[in-house]
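# Observations on the three-dimensional arrangement
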Amino acid sequence: MHSPFDLRKPIAIGSDHAGYEYKEDLISFLEGKGLAFKDFGTHSKDSVDYPDFAHPVASAVESGEYAFGILLCGTANGVAITANKHQGIRAALCWGEEIAKVVRQHNDANIICIPARFVREGDAEKMVALFMTTEFEGGRHAARVNKIACA
Ligand code: RB5
C-alpha cells in the first residue's frame, strides 16, 4: 500500500468508552493489513475521560516515533480539541470518506478523529484507509498549514 506516512513506524490509536468498539474494529482492520500499531486504550466500555487517551496519542505522534494517529470518542470533538492542544498535531474530525481525503490533501492532518456515535463502523475503516493513503497537496495549502502553530 502506498502511503505518505512512514508505515514502518507504528500507528497510534486510542479512544474513550464511546469509541471503544470502533477502536477494536479498527485494530482488526490494521492487523488484517499487517500494519504495526500501539493501542493506547481504553480497554473496555467502562466510562473514562477522553483526554486521558487523546493526550498520550497526540504526544506519541508529536514525538515522531509513530506514523500517524487515530482517535475516537462519541462525537470526536473531545479527542480533537484535546489533541490539537499539542503544537505538532493537526487532528481532524472526519465523518465521511471525502472529508478523510481532504484533511490530508489540504490540512496535512496527522491524526484522524472519528465520531463513533455518528458514523457506521464500515465507514470508519474506509475513512482510515483513505486518510493513510492520501498525499498532502502542498503549494498554497502548505503556506496555510505553516500559519497554524502558535508562536
Ligand atoms: C462520552 O459520553 C462523550 O461525551 C465523549 O465520547 C465525547 O463525545 C466527547 O466529546
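Refer to the structure above for everything that follows.
Keep in mind that this is a model prediction, so the values were computed, not measured.

What counts as what
Residues numbered from 1 in each chain as written. Predicted model: local features only at pLDDT ≥ 70, side-chain atom pairs only at ≥ 80, totals over all residues. Heavy atoms only, no water. Salt bridge = Lys/Arg side-chain N within 4 Å of Asp/Glu carboxyl O. Helix = DSSP H or I, 4+ residues; strand = E, 2+ residues; numbered from the N terminus. Buried < 20%, exposed > 50% of the residue type's maximum accessible area, 1.4 Å probe, protein only.

### Considerations on the pattern of salt bridges
Applying the stated criterion to the full structure yields 8 salt bridges. Lys23 serves as the salt-bridge partner of Asp39, at 3.1 Å between the closest nitrogen and oxygen. With Asp39 in strand 2 (residues 37-39) and Lys23 in helix 1 (residues 20-32), this residue pair connects regions lying 16 residues apart in the sequence. On the basis of relative accessibility, which here comes to 0%, the residue Lys23 falls in the buried class. Across the pair Asp108 and Arg104 runs a salt bridge, and its minimum N-O distance is 2.9 Å. Put simply, Lys23, Glu24 and Asp39 are held in one network by salt bridges that share partners.

### A closer look at unusual backbone geometry
Here the residue pair Gly41 and Thr42 is connected by a cis peptide bond, since its omega of 5 degrees sits within 30 degrees of zero. Mapped onto the elements, Thr42 comes out in the loop between strand 2 and helix 2 (51-62). One non-glycine residue, Asp108, lies in the positive phi region at around 50 degrees. Mapping Asp108 onto the fold places it in the loop between helix 4 (97-105) and strand 5 (111-115).

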